[in-house]
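# Descriptive analysis of the structure
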Amino acid sequence: MANNNIVELLGADAESLLNHQCKTIEASSLHAPSPNHVDEVWAGSNRNIQTLRSIQTLLGHGRLANTGYVSILPVDQGVEHSAGASFAPNPIYFDPENIVKLAIEGGCNAVASTYGVLGAVARKYAHKIPFIVKINHNEFLSYPNRFDQIMFGSIRDAWNMGATAVGATIYFGSEESHHQIIETAKAFEYAHELGMATVLWCYLRNNGFKKDGVDYHTAADLTAQANHLGVTIQADIIKQKLPTNNGGYNAIGFGKTHKDVYTKLTTDHPIDLCRYQVANCYMGRAGLINSGGESKGASDLSEAVTTAVINKRAGGMGLISGRKAFQKPMTEGVTLLNTIQDVYLDNSITLA
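Residues numbered from 1 in each chain as written. Predicted model: local features only at pLDDT ≥ 70, side-chain atom pairs only at ≥ 80, totals over all residues. Heavy atoms only, no water.

Moving on, we come to the packing of helix 11 (residues 220-232) against helix 14 (residues 270-279). Where helix 11 meets helix 14, the axes come as close as 8 Å, and the angle between the chain directions of the two elements is 25 degrees. When the axis of helix 11 is compared with that of helix 14, the two are roughly parallel. Taken as a pair, helix 11 and helix 14 cross one another with a handedness that is right-handed. The residues of helix 14 that touch helix 11, namely those facing Ala220, Asp221, Thr223, Ala224 and Asn227, are Leu273, Tyr276 and Gln277. The class makeup of the residues in the contact of helix 11 with helix 14 is 4 nonpolar, 3 polar and 1 charged. (Axes fitted to C-alpha atoms, helices over the stretch in contact; angles between N-to-C directions. Helix = DSSP H or I, 4+ residues; strand = E, 2+ residues; numbered from the N terminus. Parallel < 35°, antiparallel > 145°, perpendicular 65-115°, else oblique. Left-handed = near helix turned anticlockwise from the far one by under 90°. Contact = heavy atoms within 4.5 Å. Nonpolar A, V, L, I, M, F, W, Y, C, P; charged D, E, K, R; others polar.)

Shown next, in the form of structure tokens:
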């Protein structure tokens, strides 16, 4: 049985989430996170020795070191969401050093942020916690807004500041996605050549993904296909939002799918929906990390733990939680990050 704090935070969902058995895609078919992840999954791949070392560096740091799981602090919202919207709730994070300090104090495997944030403190911290440099952003100051991601720097610059990995976002489904796929694939190729790991934010953006009052941007079938495109351009880790519904292909009436996706490979249970995301990450060869989402205040801790339990039991590699951690006092942010990590450290919470 999971520890009492986790059970309490799960509330009425505890029984369903902790005892669910997945009968869609068997756990035995997954490449589940383990202390030997690099040896078991990546050693036989085309990743060079330096990249293998970088992946192991990410997996070997923080409170989750050498478990196969990761807890990452991402703070790149100052660009897309605006610095004011991101940091006004806690202005200390206008200073990049406090972002890195939170990741260290919170026992994270890595900190993910912008060229500017990580470059400002690189000499002091790059050897103390793995850096994931976010190489592109949706620049939201231009009006009218566009769903586009543009490069903010070079792969060489990320390498020069000591980055262990680079991260990028692709807005799959947007009009601009074609150039984003091409640019990111080339960037990831160069990052691997230099020995850095790659993390892809596989998000969907298209107003057409909303139909009859239902938003399918987080549908299991559509997000899973975004994951599959992400691993196709050789992302080592996929960041994705947790599924909230399913049947996006059928509701919108585009693309191709199969009835078995909905009758055999998924159910309405959140763990089964997330497992379909994992399956599309080459059955877990590329780790799936789900995002923590926006900060909503008092419910942040329970929501973060719920997401972590779903991700872990589905076969995911961990959680990447930013606003829930940095939009509150640092001590509370540390507590939230540590509580998320406790889910992955709890051996009683197993694959469904």
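That shown, we press on.
Here we come to the pairing of strand 1 (residues 70-75). Here strand 1 lies mainly inside the structure; 6 of its 6 residues are buried. In strand 1, alternate side chains face the same way, and those of Val70, Ile72 and Pro74 on one face and Ser71, Leu73 and Val75 on the other are all buried. In this structure, strand 1 lies alongside strand 12 (residues 318-320), joined through 3 bridges in parallel fashion. Along strand 12, the bridge assignment pairs serine 71 with leucine 319. (Buried < 20%, exposed > 50% of the residue type's maximum accessible area, 1.4 Å probe, protein only. Pairing = 2+ DSSP bridges.)

Right, let's talk about the sheet that holds strand 10 (residues 237-240) for a bit. The strand order around the closed barrel built from 8 strands is 1-2-3-6-7-10-11-12, with neighbouring strands paired in parallel fashion. In this sheet, adjacent strand axes meet at a mean angle of 25 degrees when their direction is disregarded. Across 4 bridges, strand 1 lies against strand 2 (residues 110-113) in parallel orientation. By the bridge assignment for strand 2, isoleucine 72 is matched with alanine 110. Across the sheet, helix 4 (residues 49-59) is in contact with strand 1, strand 2, strand 3 (131-134), strand 6 (165-172), strand 7 (197-204) and strand 10; its angle to strand 7 comes to roughly 70 degrees.

The next subject is the pairing of strand 6. The buried fraction of strand 6 amounts to 8 of the 8 residues, a majority that puts the element mostly inside the structure. On strand 6, burial covers both faces: Ala165, Gly167, Thr169 and Tyr171 on one face and Val166, Ala168, Ile170 and Phe172 on the other are all buried. Where strand 3 meets strand 6, 3 bridges bridge the pair, whose relative direction is parallel. Bridging from a neighbouring strand, valine 133 pairs with valine 166 of strand 6. Between the parallel pair strand 6 and strand 7, the chain is carried across by helix 10 (residues 177-193), and the sense of this crossover is right-handed. (Right-handed = clockwise from strand over helix to strand, strands pointing away.)

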